[in-house]
Amino acid sequence: MLDTSKVFEAIIISLHVSFVSTLFAFSISIFFGYLIATKKFILKRYIVSILGSLTSIPPVCAGLIVYLIISRSGPLGWMELLYTPSAMIIAQFIIIFPIMVTLIINYIEREYPQLRDELISYGASQKDILFLLVTNQKGIYLTTLLIGFGRAVSEYGAAAIVGGSIDHVTRNMTAMIALETAKGNILIGVTLGAILISISLIISFGINYFKNDD
Amino acid sequence: MIKTKIFFLIFTLFFSNTFARDYIVVQSTTSTANTGLLDLLSEEFFLDTGIEVRAVAVGTGTAIANARKGDGDVLMVHSKVDELKFVQDGFGIERYDLMYNDFVIVGPNNDPAQIKNKKNILEVMIILSSPDYKFISRDDYSGTHKKELSLWQESGISIPTDSSYIKSGSGMASTINIANEMQSYVLTDRGTWIAFQNKNNLEILFENDKSLFNPYGIIVVSPKKFPYVEYEKSNIFVEWLLKGRGNNLINNYTIEGQKLFFTYN
């Protein structure tokens, strides 16, 4: 019953989409996280609160927003993104960006004040401080990556709406689990879930290995 | 330099699947997907013509709404009235009869409402509207839900509002799963039922009534409305289904020896 080539395909789609969305969200989170945490500007507290509240955006809702934007009749319809992995990447980005940026803001806000005073007295530039903030505590960034990736790869609602669960194209692991469960193949659904968790476990081990490398 | 490279890498990974459009998007229903028919047709059509079929399986209501937004080249659903309205409103060129099967009422095999020997479906609906018997509704404007609504209307009773009338809001097979857990009655198309793998003690309790006919139609989305529709490729697909090898594939598609869908020729 369980077609291994299809499972393999679904794993590849899941990993591709979630890796790219996590990388995207991570790089942009570092940029904005650093800006928001180190600069003083009006409405700062509100922006941080809004980002914090967006950490609980329901995936289905994120999916619908992306759908409305990239649908043929939406503003970005001409890009033909709907029902492609790219659409899933955008939706996952919206879900995980607030989480990652909030974690990073928290960390930099805690570390930055001491670090700045110390380093500026040594003549370090802003750029050096940013660099040190990132390299000094690799663990925190790796954890952020792991959390973002975990949320992206396990998410179903958004990817299903904008991806459409199309065979060979956008049917990732979670879409396949949902489909098999819907067909009544509950055991296959559970098996696929176990495979997904195993993959996450391997990734988690890998990241923790780097973390302890400090 | 590295920055540009990284940017380029992410960019290609992001857009890797979006440049060429050598595929058509088919908006279809959960009943054709859950039975595996859609996957089979997509694969075989690709082998015959080299055109990829990307099938999106949602309820009929959602499929039509998506197609009205231009998010699809072909609409393949089962709610004739809505399909004709879709064409009438100028969103489709013409509706063709694709295939059919029928609806059945499924429920726990001890049949608490005793509908097994009833003569017509309207009588059955009146019995099931009683608060004594659980009935699960799809409640998602799918073809099956629309059928259920029209059955209530035909039997001249209003839709039950008590707690024995359960609204699942899910796809067909998911809804049968729920019916299984709650030991309740449910209206389903025969195809989904045959393909369903978790039947337990549910069984068909009422079938073979003229009102339970379930026709599927196919419509190519109008290129006048949405110029980017892959009109020619879509027409090849429709022809292939109506007259070509696709027709035989539908007719010969069986699960556990049972035919799921019937074509007209």
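Just so you know, these numbers come straight off a predicted model, no measurement behind them.

The subject of this paragraph is the domain arrangement of chain B. Residue and element names in this part refer to chain B. Each assigned domain of chain B is listed with its residue range as follows: domain 1 (18-100 + 215-259) and domain 2 (102-212). Averaged C-alpha coordinates put domain 1 and domain 2 at centres separated by 27 Å. Each partner contributes residues to the interface: domain 1 has 15 residues there, and domain 2 has 13 residues. Taken together, the elements giving at least two residues each to the side of domain 1 that touches domain 2 come down to α2 (30-34) and α4 (60-68). For the side of domain 1 that touches domain 2, the leading source of residues is α2, giving three residues. Of the residues assigned to the side of domain 1 that touches domain 2, the class counts are two nonpolar, 12 polar and one charged.

Chain B puts 27 residues into the contact, and the matching count from chain A is 24 residues. Looking at the side of chain B that touches chain A, the elements with two or more residues in it are α1 (2-15), α3 (37-49), β2 (52-58) and α8 (172-182) of chain B. Class assignment of the residues belonging to the side of chain B that touches chain A gives a composition of 12 nonpolar, 10 polar and five charged.

Residues and elements named next belong to chain B. The alternating pattern of strand β3 (residues 74-77) places V74 and M76 on one face and L75 and V77 on the opposite face, and all of these are buried. As paired strands, strand β1 (residues 23-29) and β3 are joined by three bridges and run parallel to one another. In the strand pairing of β3, V26 is matched with V74. As paired elements, β3 and strand β9 (residues 213-221) share four bridges and run antiparallel to each other. What sits directly across from V74, in β9, is V220.

Analysis parameters
Residues numbered from 1 in each chain as written. Chains lettered and ligands numbered in written order. Predicted model: local features only at pLDDT ≥ 70, side-chain atom pairs only at ≥ 80, totals over all residues. Domains from an automatic or database assignment. Contact = placed C-beta atoms within 7 Å. Helix = DSSP H or I, 4+ residues; strand = E, 2+ residues; numbered from the N terminus. Nonpolar A, V, L, I, M, F, W, Y, C, P; charged D, E, K, R; others polar. Buried ≥ 20, exposed ≤ 12 C-beta atoms within 10 Å, placed from the backbone. Pairing = 2+ DSSP bridges.

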